[in-house]
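Analysis of the macromolecular model
Each chain, written out:
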Amino acid sequence: GAVVSQHPSRVICKSGTSVKIECRSLDFQATTMFWYRQFPKQSLMLMATSNEGSKATYEQGVEKDKFLINHASLTLSTLTVTSAHPEDSSFYICSAPRRGGLETQYFGPGTRLLVL
Amino acid sequence: EDQVTQSPEALRLQEGESSSLNCSYTVSGLRGLFWYRQDPGKGPEFLFTLYSAGEEKEKERLKATLTKKESFLHITAPKPEDSATYLCAVQHTGNTGKLIFGQGTTLQVKP
């Protein structure tokens, strides 16, 4: 069964509004989670590393003031797209590493964002 | 710079026609190489993690192998339900777990 969930699965919003996406690890604790973005027919691009109890680490070229990340607990990370624009429309996916002897990373089902 | 290249970009097979997908990587220190399956509109589904050259893992019709420069995902007697995009990713020894993905191979298996 699913070990990482995301909510919502789809969201449509108007340009200029903010959208919050939640990522939860369902039966394990994750001090670190990762946020990726995927454009059509492209691979996953890492946006940022979400760290519980500290600031997120952003990849080069990702605006930290536009993509706000909060790792509220050991099972929840949120990504807020602020003042969204049509070019922010994409598929956003989170992942969490699960340590069972050797680390395995599990991905959420993704959130499809469409900004009109 | 860490880099992952997958080939071919797309692969069409007849049901039962075995083949292999390639993942070439350049990384200064490999912590792990991951294979995922992704269906359209969904998140990647974990398949395998390989940690050292010579390692092999199997799951149903899939078998993943690893050398110092590349990994292969062998698909034996594929079925239409194996149609998906297969993603390869590497994890560097120096980071906290982030993955660098290849562009993926889109597999279509025709009945």
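Since the model is a prediction, treat every value here as computed from it, not as a measurement.

**A word on the state of the cysteines**
All names here are of chain A. Enumeration over the complete set of coordinates arrives at two disulfides over all chains. Here Cys23 connects covalently by a disulfide to Cys94, the sulfurs 2.0 Å from one another. Disulfide Cys23-Cys94: the torsion about the S-S bond is 80°, which places it as right-handed. Here Cys23, found in strand 3 (residues 19-25), pairs with Cys94, found in strand 9 (residues 90-100); they are 71 residues apart in sequence, far enough to count as distant. In this structure Cys23 comes out as buried when scored by relative accessible area, which is 0%.

**Section: the pattern of salt bridges**
According to the stated counting rule, one finds eight salt bridges over all chains in the structure shown. Measuring nitrogen to oxygen at the nearest pair gives 3.5 Å for the salt bridge that ties Glu22 of chain A to Arg24 of chain A. In this structure, the salt-bridge partner of Lys57 of chain B is Glu55 of chain B, at a minimum N-O distance of 3.7 Å. For Lys57 of chain B, a relative accessible area of 29% puts it in the partly exposed group.

**Examining the sheet that holds strand 3 (residues 19-26) of chain B**
Residue and element names in this part refer to chain B. The sheet built from five strands is open, its strands ordered 1-3-8-7-6 with antiparallel pairing. One side of each edge strand has no neighbouring strand; the edge strands of this open sheet are strand 1 (3-7) and strand 6 (56-59). Within the sheet, the average angular offset between the axes of one strand and its neighbour, ignoring direction, is 15°. Bridging between strand 3 and strand 8 (residues 70-75) involves six bridges; their strand directions are antiparallel.

**Digging into the interface of chain A and chain B**
When the parts of a complex come together, some accessible area is lost, and that lost area is often taken as the interface size. If you look at the interface, chain A gives 19 residues, while chain B gives 20 residues. Applying the counting rule to chain A against chain B returns one salt bridge. For Lys98 of chain B, the salt bridge identified is with Glu59 of chain A, shortest N-O distance 3.1 Å. If you list the elements that add at least two residues to the side of chain A that touches chain B, you get strand 4 (32-38), strand 5 (45-51), strand 9 and strand 10 (102-107) of chain A. Looking at the side of chain A that touches chain B, the element that brings in the most residues is strand 10 of chain A, giving six residues. For the side of chain A that touches chain B, the residue count by class is 10 nonpolar, six polar and three charged.

The rules behind each value
Residues numbered from 1 in each chain as written. Chains lettered and ligands numbered in written order. Predicted model: local features only at pLDDT ≥ 70, side-chain atom pairs only at ≥ 80, totals over all residues. Heavy atoms only, no water. Disulfide = S-S within 2.5 Å. Helix = DSSP H or I, 4+ residues; strand = E, 2+ residues; numbered from the N terminus. Buried < 20%, exposed > 50% of the residue type's maximum accessible area, 1.4 Å probe, protein only. Salt bridge = Lys/Arg side-chain N within 4 Å of Asp/Glu carboxyl O. Pairing = 2+ DSSP bridges. Axes fitted to C-alpha atoms, helices over the stretch in contact; angles between N-to-C directions. Contact = heavy atoms within 4.5 Å. Nonpolar A, V, L, I, M, F, W, Y, C, P; charged D, E, K, R; others polar.

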